[in-house]
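# Per-entry structural report
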Amino acid sequence: MDIFMLLDELEQEIETGKKVPLSSKIVTEKEKLLDYIDKIRSELPEEMRQARWVVRERERVINEAKIEAQELLENARNKIKKLAQESEVVREAKHQSEEIIAEAHKVAYEIKSGANQYADDVLASIEARLQKTLAIVGEGRNELKERLPKREVNEIEDVG
């Protein structure tokens, strides 16, 4: 049987059905209508069934693709967020390392300055002691010159 013939019969059934008074509704047997639907389904070409399956499959694939796209997008956002946080961590670490290096340079300068000052103080102390010692030596020589006869003084001056 042809689909179009079945549709024509169904249409005839609807047209000849008993009308409900004062309305456009008809009364027909439920079983007859369901029987026509079954016959029409059985007469549908295989291509129609396949087309229906293809449409359903296409919708399923599209939905899966949307879900996968959402997951990929979320993963990409998370990676971007992570990279941004990592780059912020790197920037902060670099900033901290620069501060530590600057502080180390400052401390090294202070230590070097302190060491130079200490060395200068020690040398100044030694210089002062040497000057006192030289002054004492000079005074001792002067005393010797005053005590010695003139000839020995000239010999001492020639040596020194």
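Residues numbered from 1 in each chain as written. Predicted model: local features only at pLDDT ≥ 70, side-chain atom pairs only at ≥ 80, totals over all residues. Heavy atoms only, no water.

Moving on, we come to the overall build of the chain. Within the chain, the regular secondary structure consists of four helices and two strands. The order of helices and strands in the chain, counted from the N terminus, is α-β-β-α-α-α. What you see for the chain is a C-alpha radius of gyration of 58 Å, clearly larger than the 15 Å of a compact globule of 160 residues, by over 25%. When the 160 residues of the chain are sorted by exposure, 5% land in the buried category. If you take every contact in the chain between residues at least 6 apart in sequence, the share linking residues at least 24 apart comes to 39%. Of the roughly 14,500 Å² that the chain leaves accessible, carbon and sulfur atoms contribute 58%. (Helix = DSSP H or I, 4+ residues; strand = E, 2+ residues; numbered from the N terminus. Rg over C-alpha atoms; globule rule 2.2 N^0.38 Å. Buried < 20%, exposed > 50% of the residue type's maximum accessible area, 1.4 Å probe, protein only. Contact = heavy atoms within 4.5 Å. Areas by Shrake-Rupley, 256 points an atom, 1.4 Å probe, with all protein chains shown as cover.)

Below, the discussion takes up the side chain of glutamate 13. Of note, glutamate 13 is situated in helix α1 (residues 3-16). Overall, the relative accessible area of 15% leaves glutamate 13 in the buried class.

Below, the discussion takes up the pattern of salt bridges. Per the counting criterion, the structure on display carries six salt bridges. Measuring nitrogen to oxygen at the nearest pair gives 3.5 Å for the salt bridge that ties arginine 147 to glutamate 143. On the criterion of helical spacing, the pair formed by arginine 147 and glutamate 143 is a turn pair, its members being four residues apart in helix α3 (residues 46-147). Residue arginine 147 is classed as exposed on the basis of its relative accessible area of 66%. If you follow the salt bridges from partner to partner, you end up with Glu57, Arg60 and Glu64 in one network. (Salt bridge = Lys/Arg side-chain N within 4 Å of Asp/Glu carboxyl O.)

Our next topic: the packing of aromatic side chains. Under the counting rule described, the total for this entry stands at zero aromatic pairs. A cation sits over an aromatic face here: lysine 39 above tyrosine 36, 5.9 Å from the ring centre. (Phe/Tyr/Trp six-rings, centres within 6.5 Å; stacked < 30°, edge-to-face > 60°. Lys NZ or Arg CZ within 6 Å of the ring centre and 35° of its normal.)

With that settled, consider a negative patch on the surface. Together, Asp2, Asp8, Glu11, Glu15 and Glu43 make up a negatively charged patch on the protein surface. Counting residues per element, the negative patch draws most heavily on α1, which supplies three residues. Among the structural elements, aspartate 2 can be located in the segment before α1. Given a relative accessible area of 37%, aspartate 2 falls into the partly exposed group. (Patch = residues over 30% accessible without salt bridge, like charges linked within 9 Å, V, L, I, M, F, W, Y side chains within 5 Å. Lys, Arg positive; Asp, Glu negative; His and termini not counted. Charge placed at Lys NZ, Arg CZ, Asp CG, Glu CD.)

Our focus in this paragraph is unusual backbone geometry. Positive phi, close to 60°, is recorded for leucine 22, a residue that is not glycine. Summarising the element assignment, leucine 22 is placed in the loop between β1 (18-19) and β2 (26-27).

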